[in-house]
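Architecture at a glance
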Amino acid sequence: MKTGFIGLGAMGVGMVRNVAAAGLLQAVYNRSSEKAETLAAELQVAYCQSITDLVRQVDVVLLCVSADQDVIAVVDAIAKVIKPGVTVVDMSTVSSSTAQQCYAVLAEKQAAFLDAPVSGGVEGARKGVLSMMVGGDEAALNQVSPVLQTMAAKITFMGGSGSGQATKAVNQVMAAGINQAVTEALAFAQAQGLPMQKAIQVIAGGAAGNWFLSHRGETMSEGIFEPGFKLALHHKDLAICHDMAERSQCAIPLADQTMQDYQQLMSVGYGDEDISALFRLKRKD
Ligand code: NAP
């Protein structure tokens, strides 16, 4: 199964190395060409100057780009040359409606589209242990599973097109609440004058322990906010969640508050920092 990868950002670069290690990677493309050129040389695969160049040489197209309009633009370019029977797997986080739109565009070409957003952060991407939630046709998923298994430890079929993204939206609402809880609690811990490393370690081993505390607790309390997951991207995800919540008459106040907090941080230039930069608003000056 010859595989091509589009989007070599913080997540893509980790994922693509695992596809290559399994011997399945044929070609890479990135909008800023230097990243693709360097990685293609390192992994000894084809470097593509255009999306169409990549699509012509593969059976499976993986993509991980930023936001809705980016996925739509990439899929429109893919649709120009895709052959029947090829499967496109989008691992970006976007809305369910974008996923359904892409599914319809590719169905016209007798090609499959799976929405397959992931959770697990850049660490999970690098280690190949992401959790992947998939919407679309189950037969197409079964066909490309050997490729997806190189990147994910858990792959769950959620149902028709868009249901992977709907599940990811649930994840993002939860991540917002966890961010609020952990940053607030650690600012409180600092205000008590506690030894932070010890406090984080003991709490991480108990009932309040969680991934975010274990992976971002120490760095945030030292004032280090390197992504990770850029807060501008989580802000984009929470806007999607807000729309979905409104349509289903469901309140998500913690997620809405987090979106406002991110907006405040973005307005003073912190949008490219990790989501743990929420700690900036909680800690004492
Ligand atoms: P990132 O580091 O900002 O990388 C984005 C990638 O998308 C870059 O390669 C960028 O190309 C490419 N891109 C953006 N717009 C494009 C367009 N219109 N056409 C072609 N390529 C385009 O972001 P990331 O952290 O890897 O996140 C990627 C996706 O995964 C997002 O949807 C995010 O929400 C999701 N996600 C991220 C995490 C995380 O922890 N980081 C976890 C789970 C899911 P350039 O290099 O040219 O800019």
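The rules behind the values
- Residues numbered from 1 in each chain as written.
- Predicted model: local features only at pLDDT ≥ 70, side-chain atom pairs only at ≥ 80, totals over all residues.
- Heavy atoms only, no water.
- 1 Å grid on protein atoms, 1.4 Å probe; cavity = no way out; pocket = protein on both sides within 12 Å on 5 of 7 lines; lining within 4 Å.
- Points joined across faces, edges and corners; volume = space filled by probe spheres on them.
- Helix = DSSP H or I, 4+ residues; strand = E, 2+ residues; numbered from the N terminus.
- Nonpolar A, V, L, I, M, F, W, Y, C, P; charged D, E, K, R; others polar.
- Domains from an automatic or database assignment.
- Contact = heavy atoms within 4.5 Å.
- Buried area = accessible area lost by both parts, 1.4 Å probe.
- Polar contact = N/O pair within 3.5 Å; in protein donor to acceptor, adjacent residues only side chain to side chain.
- Buried < 20%, exposed > 50% of the residue type's maximum accessible area, 1.4 Å probe, protein only.
- Arc of directions from axis to C-beta.
- Pairing = 2+ DSSP bridges.

Let's shift gears to empty space enclosed by the protein. Under the counting rule described, the total for this entry stands at 1 cavity of 30 Å³ or more. There is about 40 Å³ of room inside the largest cavity. The wall of the largest cavity is formed by Thr93, Val94, Gln165, Ala169, Gln172, Asp237, Ile240 and Cys241. Taken together, the elements giving at least two residues each to the lining of the largest cavity come down to α8 (163-191) and α11 (231-247). Split by residue class, the lining of the largest cavity holds 4 nonpolar, 3 polar and 1 charged.

Attention shifts here to the domain arrangement of the protein. Segmenting the protein into domains produces domain 1 (3-160) and domain 2 (166-282). Put simply, the middle of domain 1 and the middle of domain 2, counted by C-alpha atoms, are 27 Å apart. Of the residues lining the interface, 16 residues belong to domain 1; the matching set on domain 2 comes to 12 residues. Contact between domain 1 and domain 2 buries roughly 1,100 Å² in total, counting both sides, with carbon and sulfur atoms accounting for 58%. When the area that domain 1 buries against domain 2 is broken down by residue, the three leading residues are Thr93, Glu123 and Met133, summing to 38%. Counting every contact that joins domain 1 to domain 2 gives 6 residue pairs in polar contact (both at pLDDT 80 or more). The set of elements that each furnish at least two residues to the side of domain 1 that touches domain 2 consists of β7 (118-119) and α6 (121-127). The class makeup of the residues in the side of domain 1 that touches domain 2 is 8 nonpolar, 6 polar and 2 charged.

The next point concerns the side chain of His234. Within the secondary structure layout, His234 lies in helix α11. Apart from residues lying up to four places away in sequence, His234 is in contact with Gln172, Ala175, Ala176, Phe229, Tyr262 and Ile275.

Taken as a whole, helix α9 (residues 196-204) has its buried residues at Met196, Ala199 and Ile200. Taken end-on, α9 shows its buried residues confined to a sector of 95°, consistent with a single buried face. Among the exposed residues of α9, those oriented more than 90 degrees off its buried face are Lys198 and Val202. Contacts from the buried residues of α9 go to α8 and α10 (211-221).

Here we take up unusual backbone geometry. Omega for the bond connecting Pro227 with Gly228 falls within 30 degrees of zero, at 5°, which places this linkage in the cis form. When you line up the elements, Gly228 lands in the loop between α10 and α11. In this model, Gln44 sits at a positive phi of 55°, which is unusual for a non-glycine residue. With a relative accessible area of 73%, Gln44 lands in the exposed category. Residue Gln110 is not a glycine yet carries a positive backbone phi of 55°. Along the chain, Gln110 turns up in the loop between α5 (96-107) and β6 (112-115).

Okay, the layout of surface pockets next. Each pocket or cavity is described by its volume, and for the largest pocket that value is around 1,200 Å³. Every residue lining the largest pocket is counted, 48 residues in all, and those nearest its centre are Met11, Thr93, Gly228, Phe229 and Leu233. Elements with a minimum of two residues in the lining of the largest pocket: α1 (10-21), α4 (68-79), β7, α6, α8, α10 and α11. For the lining of the largest pocket, the leading source of residues is α8, giving 7 residues. Along the lines of polarity and charge, the residues of the lining of the largest pocket split into 22 nonpolar, 17 polar and 9 charged.

Neither face of β6 is open: one carries Ala112 and Leu114, the other Phe113 and Asp115, and all of them are buried. With 4 bridges connecting them, strand β5 (residues 87-90) and β6 associate as parallel partners. For Asp90, the partnering residue across the bridge sits in β6 and is Asp115.

Right, let's get into the environment of Val16. Inspection of the secondary structure assignment puts Val16 in helix α1. On the basis of relative accessible area, Val16 is assigned to the buried category, the value being 0%. Residues Val16 and Leu62 lie 46 residues apart in sequence; the distance between their C-alpha atoms is 9.0 Å. Once residues within four sequence positions are removed from consideration, Val16 is found in contact with Phe5, Leu8, Leu25, Val28, Leu39 and Leu43.

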